[in-house]
Amino acid sequence: MSEPRKTPLYDLHVELGGKMVDFAGWMMPVNYGAGVAAEHKQCREKAALFDVSHMGQVELRGRRVKQQMETLVPSSITTLPIGKARYTFFTNPQGGIMDDLIVSNGGDYLFAVVNASMRDQDIAHMRSLDLEVTEMDDALIAIQGPMAETIVAEYAPVVKTLKFMETTITSMGGTLCRISRLGYTGEDGFEISIPVDHVERITRAFLQHPDLEPAGLGARDSLRLEAGLCLYGNDIDNDTSPVEANLVWAMQKARREGGGFPGAERIQRELAQGPSRRLVGIKPEGRAPARRGVEVADKDGNIIGAVTSGGFGPTYGGPVSMGYVAAEFSDPGTPVDLIIRGKARPASIIKLPFVAQNYKR
Amino acid sequence: MTVYYTEEHEWLDVDGETATLGITKHAAEALGEVVFVELQDVGETFDKDDEIGVVESVKAASELYAPLALEITESNTALEDEPAMVNEDPEGNAWFYKVKIADVAELEGLMDEAAYKAHTA
């Protein structure tokens, strides 16, 4: 393994007291002095700033770029309006998920944001197309929470006109930035691509706002888990299909029916017949968190699945888990047991999310 | 009374054949915000290195081990209701157990304060 990389905000994280860890080959703050729970609540109640520069940002250009992209993903890209962003995923020939990503229509090009852990794979995958694939070196920050619009609008008033999953390029702090109204916390908020030479100055300016505090990867994970959002590598991977993962909403009807993407055979079969397992929310009845790997059993003691993400939800005020269970046990309200440290502990299947999403639609 | 420490970052405040047991400030800080504590029942006996409880933080789960053979005579069940106490006062109010030591000779294998400080430095 090579040395972990540093984002342009590395020195600022250290200065702010960030506890730095190697995450997917990047030195990132897991939390700052306030701690995971306080940073989590800050985001739900006011606003939090996350450095997500480790994610891959890519521009795709070329002849029939949108049609070409549709050969890799099961979502509609050709019908995506200019200035709109869409959640989608690369599928493999077996109908599993290679990675999830956000694709935006920039007009005559597409802008994609992919996971840090998968960026090399994804960029090579997109380069299999007859397109010009440019990896951007911009920093990426996320400002998330109910106060996000007020804070960002001080520097970029245009954001007041953006709705959830809309994106624009605007002048901010003396440079051009891409601002998209989306995120990974379940809250309203923005992800902002900023040229490397400007990002520290602009981030420091944002952090002057009394309602904005920095938050690390720990809070990012507990926020997305409460919001029922999948983490690639945990809740979705090369074996799980979008149907099993309850991501059918991200595959528009024309694509679901028309196919023409890798793994269409399995995905269409599961759509028609139902999948054998489903990703569900699992709420432990007691206080013990059920983390990744904990087995799920039916009330007769038969193993019916496993937790893929789990921990403590600071806003929910208790343990929260997600995982796969056999389809016949996936209805909300179904009682199950979680096998934690050898002991069966009662839990029930719930409809995700644990904490309602708060998007500005 | 003498306070002993373990490599698992537990403290043991010994008074004759009885002791109070908890996790150190160093351990509490490393764990982060504690959200769940599970204790064993009063009257149970354990051998050295047996698991005698669980402490979970927002970040991770961590087991508590018996630093020597012991019997639990009292457990601080307040921790199960208010796990955050472990962060607030780990070496005071947030003790885990009062125990009866099976064999005081086993104390010789533990660290004193100076040794523990060196261990965590």
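Asker: Outline a negative patch on the surface, listing residues and values.
Answerer: Residues and elements named next belong to chain B. On the surface, Asp 41, Glu 80, Asp 81, Glu 82 and Glu 88 cluster together into a patch of negative charge. Inspection of the secondary structure assignment puts Glu 88 in helix H3 (residues 85-88). Classification of Glu 88 by relative accessible area gives exposed; the value is 59%.

Asker: How would you explain the interface of chain B and chain A if you had to name every residue and give the values?
Answerer: Chain B puts 13 residues into the contact, and the matching count from chain A is 15 residues. Taking both sides of the interface into account, the surface hidden between chain B and chain A amounts to around 1,100 Å²; carbon and sulfur atoms contribute 48%. Counting every contact that joins chain B to chain A gives four salt bridges. One salt bridge in this structure joins Arg345(A) and Glu38(B), with 2.5 Å as the shortest N-O distance. Those elements that place two or more of their residues in the side of chain B that touches chain A are strand E4 (34-39), strand E6 (51-57) and strand E7 (61-65) of chain B. When residues of the side of chain B that touches chain A are assigned to their parent elements, the largest contribution, four residues, is made by E6(B).

Asker: Just give me the short version of the domain arrangement of chain A, but keep the residues and values in it.
Answerer: All names here are of chain A. Looking at the assigned domains, one finds that chain A contains domain 1 (5-53 + 138-226) and domain 2 (276-361). Centre-to-centre, using C-alpha coordinates, domain 1 lies 29 Å away from domain 2. With 16 residues of domain 1 at the interface, the matching set in domain 2 holds 19 residues. Where domain 1 packs against domain 2, one counts one salt bridge.

Asker: Let's hear about unusual backbone geometry: which residues, and what values?
Answerer: Residues and elements named next belong to chain A. In this chain, Leu 352 is followed by Pro 353 through a cis amide linkage whose omega measures 0°. Residue placement: Pro 353 occurs in the segment after strand E20 (343-350). Positive phi values are uncommon outside glycine, yet Asn 246 reaches one of about 60°. Its location among the elements puts Asn 246 in the loop between helix H7 (217-226) and helix H8 (253-258). By relative accessible area, Asn 246 is classed as partly exposed at 37%.

Reading the values: rules and limits
Residues numbered from 1 in each chain as written. Chains lettered and ligands numbered in written order. Predicted model: local features only at pLDDT ≥ 70, side-chain atom pairs only at ≥ 80, totals over all residues. Heavy atoms only, no water. Patch = residues over 30% accessible without salt bridge, like charges linked within 9 Å, V, L, I, M, F, W, Y side chains within 5 Å. Areas by Shrake-Rupley, 256 points an atom, 1.4 Å probe, with all protein chains shown as cover. Salt bridge = Lys/Arg side-chain N within 4 Å of Asp/Glu carboxyl O. Lys, Arg positive; Asp, Glu negative; His and termini not counted. Charge placed at Lys NZ, Arg CZ, Asp CG, Glu CD. Helix = DSSP H or I, 4+ residues; strand = E, 2+ residues; numbered from the N terminus. Buried < 20%, exposed > 50% of the residue type's maximum accessible area, 1.4 Å probe, protein only. Contact = heavy atoms within 4.5 Å. Buried area = accessible area lost by both parts, 1.4 Å probe. Domains from an automatic or database assignment.

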